[in-house]
Amino acid sequence: QVQLVESGGGLVQAGGSLRLSCAASGRFFRIIGMGWYRQAPGKQRELVATITRGGSTNYADSVKGRFTISGDNAKDTVYLQMNSLKPEDTAVYYCNVEYFAVASLELTSVWGQGTQVTVSS
């Protein structure tokens, strides 16, 4: 099993920056990719950014040019640097990791507990 610990959320004024971190621990064969999703009140959870073990990234159009996802494979940690934050970025941000389980080698997905990001206008 894999556990995720997220940190870095908080309250920031519009135009400010925050950095989220998500560290994976536990037993797994190999992590395939890590990513960040967000869910605003009354809305569905949506993709923010993902990164593969090889470093390929994908971003939602709404955050391109403002957010940067990066990973530290040695620490099994993913980061999300968020700049030029807008009130519409306010949401609970969830970390997601896809990995191959040790025993079954099945592709498995796990979610973090979520961290609140609030951007005031």
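Here's what I pulled together on the structure shown here. (Residues numbered from 1 in each chain as written. Predicted model: local features only at pLDDT ≥ 70, side-chain atom pairs only at ≥ 80, totals over all residues. Heavy atoms only, no water.)

Thoughts on the environment of Asp-89
Its location among the elements puts Asp-89 in the loop between strand S8 (77–82) and strand S9 (91–100). Residue classification places Asp-89 among the buried positions, given a relative accessible area of 1%. For the pair Asp-89 and Ser-70, spaced 19 residues apart in sequence, the C-alpha to C-alpha distance is 19 Å. Beyond its immediate stretch of four places on either side in the chain, Asp-89 contacts Arg-38, Arg-66, Phe-67, Ser-84, Val-117 and Val-119. (Helix = DSSP H or I, 4+ residues; strand = E, 2+ residues; numbered from the N terminus. Buried < 20%, exposed > 50% of the residue type's maximum accessible area, 1.4 Å probe, protein only. Contact = heavy atoms within 4.5 Å.)

Focus on the sheet that holds strand S1 (residues 2–7)
Read from one edge of the open sheet, four strands run S1-S3-S8-S7, paired in antiparallel fashion. Looking along the sheet, the strands with just one partner apiece sit at the ends: S1 and strand S7 (67–72). Averaged over all adjacent pairs, the angle separating strand axes in this sheet is 15 degrees, with direction ignored. Strand direction decides the pairing type here: strand S3 (residues 18–26) and S8, joined by six bridges, are antiparallel. Counterpart to Cys-22 in the pairing with S8 is Val-78. (Pairing = 2+ DSSP bridges. Axes fitted to C-alpha atoms, helices over the stretch in contact; angles between N-to-C directions.)

Let's talk about the pattern of salt bridges
Pairs can form between side chains of opposite charge once their charged atoms are near each other. Applying the stated criterion across every chain yields a total of five salt bridges. Salt-bridge contacts for Arg-38 lead to Asp-89; the nearest nitrogen and oxygen are separated by 3.0 Å. Linking Arg-38 in strand S4 (residues 30–39) with Asp-89 in the loop between S8 and S9, this pair joins segments that are 51 residues apart in sequence. The pair formed by Arg-38 and Asp-89 is uniform in burial state, with each residue classed as buried. Taken together, the shared-partner salt bridges connect Arg-38, Glu-46, Arg-66 and Asp-89 into one network. (Salt bridge = Lys/Arg side-chain N within 4 Å of Asp/Glu carboxyl O.)

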